[in-house]
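Breakdown of the fold
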Amino acid sequence: EDPSLERHFRGHRDAVTSVDFSLNKKQLASGSMDSCLMIWNMRPQMRAYRFVGHKDAVMCVQFSPSGHLVASGSRDKTVRLWVPSVKGESTVFKAHTATVRSVHFSSDGQSLVTASDDKTVKVWTVHRQKFLFSLSQHINWVRCARFSPDGRLIVSASDDKTVKLWDKTSRECIHSFCEHGGFVNHVDFHPSGTCIAAAGTDNTVKVWDVRMNRLLQHYQGNAVVNSLSFHPSGNYLVTASNDSTLKILDLLEGRLLYTLHGHQGPATCVAFSRAGDFFASGGSDEQVMVWKTNFDAADYGEVLKTQKSGTSVDGTHHSLVEMDCGVHLKKTKTQDFGRNHEQQEDNSLANTLEHIMGQLDVLTQTVSILEQRLTLTEDKLKECLENQQKIIQNKAN
């Protein structure tokens, strides 16, 4: 089954800037240029909460890992921590000297990393919002900062066209990725913590290995990419672009799977739920949409099989999907029943060819990655030999 639109939330009065699911998927938070934070209830007939407090546009929102708090950053230079209940109480702290573009909790929920137009990335304790330290090597606005899943690294993306990788303990920049041809709007860690993906105004999504600091994948689009989110299985990536589309990329096969049309105007933000069975998107059209993932459940374990059999939230399924690169083999088998015989033969031939092409792509990619690794090994070997020779010479002297 293709991804399908599950819910539609209207209530913001300006462009939506950020979306995030709570742990249990019962709530969805969104921030907007209208200075409000909305908490939407996924269960039907449950009302939404509108939280007012920020004096200017809300640029980013995120639920804490437990779901008991929501952090928001704003153009009013502050960060707020909200309790997502009817009262909507919040504590506020002056975090930066300019717009706060990004807030992110560490996976243990103890720390918060913020990024700002003041060109810095800051780390705070969640308890009492105590400032810990600043990372300041970017030379332009910092759009996004994220902790690695194990909390040891921080990655940041900036209008200085770089993505920087930091060591949280030493507070040093370990590496700068400079391959982007434009501003870098968004960056995030792969669930395994071994890769990062970054989205840019040069219409690309790039995936890097942070152990070798090398580019693994490069996806060229036709429009500025504003946001991205990894599926919890680590096999897929969803992106939101200025051409109003959401795109699902298959990272294992290195290709585009779906293009989803739902927003009228730029799609500004996108996020998978913690289990990966839903994803949400927001746009300049003031709308928040929730999509049912519907990928093959076998791809991400038993967890979702039970959830997939549940009923849809409000029974509506507007399928807004167009296939970009044809369909998986798995998918076409089920779709072909009940058609006439000749058509089936044509289809199966086309599918087989497509599958072969897909596998060729994967092979090509694998070969290029292997080549890169070989070069790396050769370089290391050369280095070792040179060092050995130096040692021998030193001894001889």
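Residues numbered from 1 in each chain as written. Predicted model: local features only at pLDDT ≥ 70, side-chain atom pairs only at ≥ 80, totals over all residues. Heavy atoms only, no water.

Time to look at the pairing of strand β6 (residues 58-63). Burial runs high along β6: six of the six residues are buried. Here five bridges tie β6 to strand β7 (residues 70-74), and the two strands are oriented antiparallel to one another. Looking at β7, one finds that cysteine 60 is bridged to glycine 73. What sits between β6 and β7 in their antiparallel hairpin is a turn of six residues, with glycine 67 showing a positive phi close to 90 degrees. (Buried < 20%, exposed > 50% of the residue type's maximum accessible area, 1.4 Å probe, protein only. Helix = DSSP H or I, 4+ residues; strand = E, 2+ residues; numbered from the N terminus. Pairing = 2+ DSSP bridges.)

What follows covers the pattern of salt bridges. Following the criterion strictly, the structure yields twelve salt bridges and no others. Across the salt bridge formed by aspartate 34 and arginine 50, the nearest N and O atoms sit 4.0 Å from each other. Here aspartate 34 is found in the loop between β3 (27-32) and β4 (36-41), whereas its partner arginine 50 is found in strand β5 (residues 49-52), with 16 residues between them in sequence. Under the relative-accessibility criterion, aspartate 34 is labelled buried at 17%. Linking arginine 152 and aspartate 150 is a salt bridge whose minimum nitrogen-to-oxygen distance equals 3.2 Å. (Salt bridge = Lys/Arg side-chain N within 4 Å of Asp/Glu carboxyl O.)

Our focus in this paragraph is the environment of alanine 197. In this fold, alanine 197 is placed in strand β19 (residues 195-200). Between the alpha carbons of alanine 197 and aspartate 209 there is a distance of 9.1 Å; along the sequence they are twelve residues apart. Setting aside residues no more than four positions away along its own chain, alanine 197 makes contact with His186, Val187, Asp188, Lys206, Val207, Leu228, Phe230 and Leu237. (Contact = heavy atoms within 4.5 Å.)

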